[in-house]
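# Report on the structure
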Amino acid sequence: MSAEAADREAATSSRPCTPPQTCWFEFLLEESLLEKHLRKPCPDPAPVQLIVQFLEQASKPSVNEQNQVQPPPDNKRNRILKLLALKVAAHLKWDLDILEKSLSVPVLNMLLNELLCISKVPPGTKHVDMDLDTLPPTTAMAILLYNRWAIRTIVQSSFPVKQAKPGPPQLSVMNQMQQEKELTENILKVLKEQASDSILVLEAALKLNKDLYVHTMRTLDFLAMEPGMVNGETESSTAGLKIKTEEMQCQVCYDLGAAYFQQGSTNSAVYENAREKFFRTKELIAEIGSLSLHCTIDEKRLAGYCQACDVLVPSSDSTSQQLTPYSQVHICLRSGNYQEVIKIFVEDNLTFSLPVQFRQSVLRELFQKAQQGNEALDEICFKVCACNTVRDILEGRTVSVPFNQLFLRPNKEKIDFLLEVCSRSINLEKASDSLKGNMAAFLKNVCLGLEDLQYVFMISSHELFITLLKDEERKLLVDQMRKRSPRVNLCIKPVTSFYDIPASASVNIGQLEHQLILSVDPWRIRQILIELHGMTSERQFWTVSNKWEVPSVYSGVILGIKDNLTRDLVYILMAKGLHCSTVKDFSHAKQLFAACLELVTEFSPKLRQVMLNEMLLLDIHTHEAGTGQSGERPPSDLISRVRGYLEMRLPDIPLRQVIAEECVAFMLNWRENEYLTLQVPALLLQSNPYVKLGQLLAATCKELPGPKESRRTAKDLWEVIVQICSVSSQHKRGNDGRVSLIKQRESTLGIMYRSELLSFIKKLREPLVLTIILSLFVKLHNVREDIVNDITAEHISIWPSSIPNLQSVDFEAVAITVKELVRYALSINPNNHSWLVIQADIYFATNQYSAALHYYLQAGAVCSDFFNKAVPPDVYTDQVIKRMIKCCSLLNCHTQVAILCQFLREIDYKTAFKSLQEQNSHDAMDSYYDYIWDVTILEYLTYLHHKRGETDKRQIAIHLLTMDDNFFFLFPDFY
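If you look the chain up in an unreviewed UniProt entry, it shows as Integrator complex subunit 8 isoform X2 from Camelus ferus. According to the UniProt record, the Sequence similarities (unreviewed entry) comment for the chain is "Belongs to the Integrator subunit 8 family."

Next up, the structure:
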């Protein structure tokens, strides 16, 4: 039983405490009289008293002929009384302030539960599990009213209550008060248990963007007169009293804020949530106006809450009546509006209102997000850090370490932004001499730290720099820069030719080697190497870092270059390019490879072809990591280059196996099967195993639609894979002359090793190719003699059904490969029902029945729009259903076994009857009877429960038998 249901039952079983009165309410049972009474200026009795009296009479217990007390009967009179109570509340516009002030907790609980019932909220269903956006407006509003009242009652119960002075002791009154107190405590206990669910419901309500409606006396009349109208006007978007979205959100925000504030006494972090909700309430009140008809907020109390939050939440400005800079920054960070944060920080550089520690905490938060993989925040981190650095400089502090790290690789955009921040952070007309001096010193030091004289010129020619520094200081700075690089004139644009970059010899070898390790700019790398070779001719600078790795097939050619500078440059450019490609920094990799290609073209045709091959591999990776992920086909130029590589017949060119592997995978992924099948040179098929494997896979895909007799390529592919998965045995003759088996190792007869095959397959993304490979390995797994439970797969019939030498196949390795391949395939497409069934079969074969059932159900869900359509019979075959039945049986879900038995082509009554006889079941048992439609099984259930004396369950089965359409299920082919 859910918390709401328990709550409702507790309320229904009670009698509200009101003093005995005359039976005037009997005259109000006619609705017209009730409405006339409520229209009076000062009706007596008051409306809230009417609610109490109506509910008291409706909840009176009855007494049977044996003088036994029975629950209140569900007759027409009591239903009318409850409806009248709801109509009075509707007359009061469901104002919780009025209702809470005048009604006790048990009475208001009973009233709101009746509202839930009449609004068609399913009893026993948790409100948090219901999607408010899809519910009728009146139903959603009823749920919101109940949950608003729930958290308001919890908050109110936490306040101290002044005890009323006791009057003369009267035993009946004291008993009545004690009963009401106990009932209130029970209801509060239930409300507190479901408090977290109520908060989640209200948080979800804040995401609604539609107006809601609450029942009025008119809509309640419709419900009373004609129940069929429930799905008509009373649930339409225009029925009832309209509550605008802003009014609803304002009430919900205020109630949530009060709930969070009350929780803050045990968890101080929640005060931030309370503060957010209260300030949002103030914004909404400003939008809708304080005279709203349906939104009554105690603005004085709200102001007190806001003031308290300003004190309790350290990041708030307690004197601010508007949105403070702290709040603005927090809101921008939550919404991802980082440009606004930068704007606030720049403006603060003039006012110094935000503490430095707060600004640093914002930068730390952005750093953490950037380190978690959000590369887009790198630029934002620099800009925020630049704003903080300018603030530090103006206040006389030193430049921070993070700024030096982020400014290690300056560019034009960074220089422009830094100059903009500096210009906007100082008012030259009002600034003191100390502020101007600090800013001038900072700009001067930035210039001295820059190596690229273009950037120095950008700063030295800026208006702010010219204004702050005197002529003598500017001339001195220019002289210092000229001494550091005597060949360059600041007025001349640096030459960008690869061979004409001037070298500077003013730094030591250690610093240059450090820069050489960090740099990914090919022009800068060459400049550093020129300087290093000018200092010493004895060093081999390609050995500076042990992280620079070049494939062995290339290193012999590169290290054979006679000129030391050229050898170091080619080796380092290739090593850095390969590293950038590995870490998916494709733009820098392309720059490095392009520079290396330009360099080697003039003296080595062999290395030129090597670089063209590496650039082809880089372009493949770039496309696959970029537009290829969205399904966009590669450009025809790239496909032509891949074909050219596969057809290349240049002798003595060092080749990396991985390039051919990636090219073949690329052609298979983009369905170039025609080319792989017919146009690949025969010499390449013999020399490259990946091309051979790719040709067999492409041909199998091409022949798949044809008759089984024409699939000769499938047999060739089968034999190749069997050889790869084979093992060879080594024997040893002992002293007694006997030969014993001592070791088994992977056979060398295959075209590649199993690990290489697995690595190649994990580069494939084409579903048909992956399906063929999976079906082949599944068939190979099923061939072994000791298999009890076969694994099923698509296209499994195209493979041979036996192997001449079973002992030669490493079936343990095959089983491991199948598991790895299925895991990889599902990572590519988790909604492929065929792969999901294979995964389920694997779990079933290894006795993991819960996981197997999960994947069987998932396979059915993905191919039926989550069971909104029929599951195709080729997915849920008899074998799959029988396995699902076995899973349920072994998991002690016996009622589900009976349900699944109905889906077989021939219903398995024996298994169904046997499962229904089980009394120790772990499923919902009779709650699932609605999903049994077979008359024979229902008749057996009726007989079984009659035999056991289980009258209630027998009645459920009989009721289902008498229904014309007792179950709408999703498998019409089985019905």
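It is worth spelling out the overall build of the chain at this point. A tally of helices and strands in the chain yields 45 helices and 6 strands. Looking at the chain as a whole, 47% of its 975 residues are labelled buried. A separation of at least 24 residues holds for 67% of the contacts in the chain among residues at least 6 apart in sequence.

Let us look at the side chain of aspartate 197. As for its placement among the helices and strands, aspartate 197 is situated in helix 9 (residues 195-205). Lysine 126 is the oppositely charged side chain nearest to the buried, salt-bridge-free aspartate 197, at an N-O distance of 4.0 Å. Every residue in contact with aspartate 197, bar those within four places of it in the chain, is listed here: Lys126 and Val128.

A positive phi angle, near 60°, is found at histidine 795, a position not held by glycine. Mapped onto the fold, histidine 795 is located in the loop between helix 37 (767-783) and helix 38 (811-828). On the accessibility criterion, histidine 795 (29% relative accessible area) is partly exposed. Not every positive phi belongs to a glycine, and phenylalanine 867 is a case in point at roughly 65°.

The next point concerns the packing of helix 11 (residues 245-263) against helix 12 (residues 270-288). Where helix 11 contacts helix 12, the two axes come as close as 8 Å, and the packing angle between them is 155°. In terms of axis orientation, helix 11 runs roughly antiparallel to helix 12. Every pair of crossing elements has a handedness; the one defined by helix 11 and helix 12 is left-handed. In this structure, helix 11 uses Glu246, Glu247, Gln249, Cys250, Cys253, Tyr254, Leu256, Gly257, Ala258, Tyr260, Phe261 and Gln263 to contact helix 12, whose residues at the interface are Val270, Tyr271, Asn273, Ala274, Lys277, Phe278, Arg280, Thr281, Leu284, Ile285, Glu287 and Ile288. Along the lines of polarity and charge, the residues of the contact of helix 11 with helix 12 split into 14 nonpolar, 5 polar and 5 charged.

Throughout the structure, instances matching the rule amount to 29 salt bridges. A single salt-bridge network, built from bridges that share partners, covers Asp348, Arg359, Arg391, Asp392, Glu395 and Arg397.

Okay, the nonpolar core next. The biggest cluster of nonpolar side chains holds 147 residues, and the ones touching the most others in it are Ile558, Leu646, Leu697, Leu717, Ile721, Phe760 and Phe777. With 10 residues, the single largest contributor to this core is helix 37. Once residues lying within four places of it in the same chain are set aside, the contact partners of phenylalanine 777 are Ile721, Cys725, Leu757, Ile761, Val814, Thr817, Val818 and Leu821. Among the nonpolar cores identified, the runner-up in size contains 80 residues, and Leu111, Leu144, Ala205 and Val214 belong to it.

Quick look at a nonpolar patch on the surface now. A contiguous nonpolar surface patch, about 260 Å² in accessible area, is contributed by Leu408, Ile517 and Leu518. Residue placement: leucine 408 occurs in the loop between helix 18 (401-406) and helix 19 (412-424). With a relative accessible area of 56%, leucine 408 lands in the exposed category.

To continue, consider helix 4 (residues 76-91). The periodicity of an α-helix, 3.6 residues per turn, causes residues three or four positions apart to be oriented the same way. When the terminal C-alpha atoms of helix 4 are compared, their 22 Å separation across 16 residues agrees well with the 22 Å that a helix rising 1.5 Å per residue should span. Those residues of helix 4 not exposed but buried are Asn78, Leu81, Leu83, Leu84, Ala85, Leu86, Lys87, Val88, Ala89 and Ala90. After helix 4 finishes, the residue lysine 93 shows a positive phi value of roughly 60°.

Definitions and limits used
- In this convention, every chain numbers its residues from 1, walking through the sequence in written order.
- At least 70 in pLDDT is required for a residue's local features to be given in this predicted model, at least 80 for side-chain atom pairs to be given and counted, and no such filter applies to totals for whole chains, interfaces and linings, which use all residues.
- The side-chain figures draw on all heavy atoms in the structure; neither hydrogens nor water molecules are used.
- UniProt positions are given in the numbering used here, feature names are shortened, and annotations may be inferred rather than shown by experiment.
- Strands are runs of DSSP state E lasting at least two residues, helices are runs of H or I lasting at least four, and both sets are numbered from the N terminus onward.
- Working definition: with a 1.4 Å probe on protein chains only, accessible area under 20% of the residue-type maximum means buried, over 50% means exposed, and in between means partly exposed.
- Residues count as neighbours in contact if any of their non-hydrogen atoms are within 4.5 Å of one another.
- When charges are tallied, Lys and Arg are placed among the positive residues and Asp and Glu among the negative ones, while His and the ends of the chain are skipped.
- When a carboxyl oxygen of Asp or Glu lies within 4 Å of a side-chain nitrogen of Lys or Arg, that pair is called a salt bridge.
- In this analysis an axis means a line fitted to C-alpha atoms, helices contributing only their contacting stretch, and an angle means the value between N-to-C directions, from 0 to 180 degrees.
- The cut-offs work like this: below 35 degrees is roughly parallel, past 145 is roughly antiparallel, 65 to 115 is roughly perpendicular, and the gaps in between are oblique.
- A clockwise turn of the near helix away from the far one marks a right-handed crossing, whereas an anticlockwise turn of less than a right angle marks a left-handed crossing.
- Classes in brief: Ala, Val, Leu, Ile, Met, Phe, Trp, Tyr, Cys and Pro nonpolar; Asp, Glu, Lys and Arg charged; the others, Gly included, polar.
- To define a nonpolar core, start from buried Ala, Val, Leu, Ile, Met, Phe, Trp, Tyr and Cys residues and group those joined through side-chain atoms within 4.5 Å.
- Patches draw on residues past 30% relative accessible area with no salt bridge. Two like charges within 9 Å are joined, as are two nonpolar side chains (Val, Leu, Ile, Met, Phe, Trp, Tyr) within 5 Å.
- Every accessible area reported is derived by Shrake-Rupley at a probe size of 1.4 Å, with residue values counting cover from the shown protein chains alone.
- Helix span, as expected, comes to 1.5 Å for every residue beyond the first.

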